[in-house]
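# Coordinate inspection notes
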Amino acid sequence: MSHAAASAAPPYRVRQNPAPRTISPDAIAIILGLLLPLGVTVWGASYYFASAGGRVRHPLHALLKPSGDVGQGFGVFALALFLFMWLYPIRKKLGAALALGSVATWMRIHTVVGLSLPLLIAVHAGWRFRGLIGLGYVAMLIVSGSGIIGRYLYGRIPRSRAGLELSRDEIAGRRRTLVTEISATLHLDPREVEGTLAPLEAGESVGGVAGTFKRLALDDWNRWRAVGELRRRWKELAAGDRDTDSRAVGRAIALAREEIRLGQQLRVLEATQRVFRYWHVAHRPVSVTALLAVLIHVGVAIAMGQTWIR
């Protein structure tokens, strides 16, 4: 990125102080998805640790067994969430045809639900996994684990707020705007800001899946270290500048973190996109296996009269 490119960026109006941080809906959903099943697990710990024969005589057996009121309630809830997760690939195929919310929002919901499901299913199964439910649970764990990897890769591909991938020109334009804002916030020349940030993006080329993950992990580590060094340097700068306060430094650090991130991601963009495509190919059959195992389990339970449906 040259000084000419930075100076050619459109005029930037310094943003107002951000609103106070609040707990995001995603965080609330994760907390509820973890606390509810964990609370039941702690409450019924004596039942879950009991032997098969001891469970039958346990006073909580009627509630916590897989076909009990609590156990089956978790099963129905988990089934509803699992089926809901399959709306995300449908939403992606519809594109912008319908006003159904951004792909990024759907991705966040998809991720939160995927992380909550294994714990919900474990409570439904009474923390015992045998037969078909065991196969379905293993498949669900693999899906959730691979989902974490997929979410990591998804976040390493620059996107708009709507979740659409940015082109190289769009990434370059965003980086120029960030440099302009940092220079305006700290009262620095754009060339000085560029000179400070440019060396922080350097890194070796990558090759293969393992090499890509190694590079992404090293970039995360290097970015964390670089931001720490910038914070120290710019705090010293602010100490000698009456027009720059700690809030301005904090805002500049956030902008610098984003600019460095975009530079790192741009450098390995093609490799990350390639690995993300590989992940899609591997993730889909495991997801279908989990879906089939769950549907067969539900069908057998209904046929044998082990549900609320009579």
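The preceding data block contains the structure.
Conventions adopted
Residues numbered from 1 in each chain as written. Predicted model: local features only at pLDDT ≥ 70, side-chain atom pairs only at ≥ 80, totals over all residues. Heavy atoms only, no water. Helix = DSSP H or I, 4+ residues; strand = E, 2+ residues; numbered from the N terminus. Buried < 20%, exposed > 50% of the residue type's maximum accessible area, 1.4 Å probe, protein only. Contact = heavy atoms within 4.5 Å. Areas by Shrake-Rupley, 256 points an atom, 1.4 Å probe, with all protein chains shown as cover. 1 Å grid on protein atoms, 1.4 Å probe; cavity = no way out; pocket = protein on both sides within 12 Å on 5 of 7 lines; lining within 4 Å. Points joined across faces, edges and corners; volume = space filled by probe spheres on them. Nonpolar A, V, L, I, M, F, W, Y, C, P; charged D, E, K, R; others polar. Salt bridge = Lys/Arg side-chain N within 4 Å of Asp/Glu carboxyl O.

Further remarks concern the overall build of the protein chain. On a plain count of helices and strands, the protein chain comes out with 14 helices and zero strands. The helix and strand sequence of the protein chain, counted from the amino end, reads α-α-α-α-α-α-α-α-α-α-α-α-α-α. In the protein chain, which comprises 310 residues, the share counted as buried stands at 40%. Within the protein chain, contacts between residues at least 6 apart in sequence are counted, and of these 74% link residues at least 24 apart. On the protein chain, roughly 17,500 Å² of surface is accessible, and the fraction owed to carbon and sulfur atoms is 65%.

Here the structure, examined in full by the defined rule, presents two cavities of 30 Å³ or more. Counted as a void, the largest cavity has a volume near 40 Å³. Lining the largest cavity are Arg-156, Leu-216, Asp-219, Asp-220, Arg-223, Gln-264 and Gln-265. If you list the elements that add at least two residues to the lining of the largest cavity, you get helix 12 (208-239) and helix 13 (246-267). Sort the elements by how many residues they give to the lining of the largest cavity and helix 12 lands first, with four residues. Per-class residue counts for the lining of the largest cavity are one nonpolar, two polar and four charged. The space that makes up the second largest cavity amounts to roughly 30 Å³. In this structure, the second largest cavity is lined by Phe-84, Met-85, Tyr-88, Trp-106, Ile-109 and His-110. Within the residue set of the lining of the second largest cavity, elements represented by two or more residues are helix 6 (69-85) and helix 8 (103-124). The element that contributes the greatest number of residues to the lining of the second largest cavity is helix 8, accounting for three residues.

A few words now on the pattern of salt bridges. All chains considered together, the criterion is met by twelve salt bridges. Note that Arg-267 is salt-bridged to Asp-219, the shortest N-O span being 3.1 Å. On the criterion of sequence distance, the pair formed by Arg-267 in helix 13 and Asp-219 in helix 12 is long-range, its members being 48 residues apart. The partner of Asp-220 in a salt bridge is Arg-223, and the shortest N-O contact between them spans 2.8 Å. Placement of the pair is Asp-220 and Arg-223 together in helix 12, with a separation of three residues, close to one helical turn. Owing to a relative accessible area of 12%, Arg-223 belongs among the buried residues under this scheme. Overlapping salt bridges bring together Arg-156, Asp-220 and Arg-223 as one network.

Nothing here speaks to function; it is all geometry.
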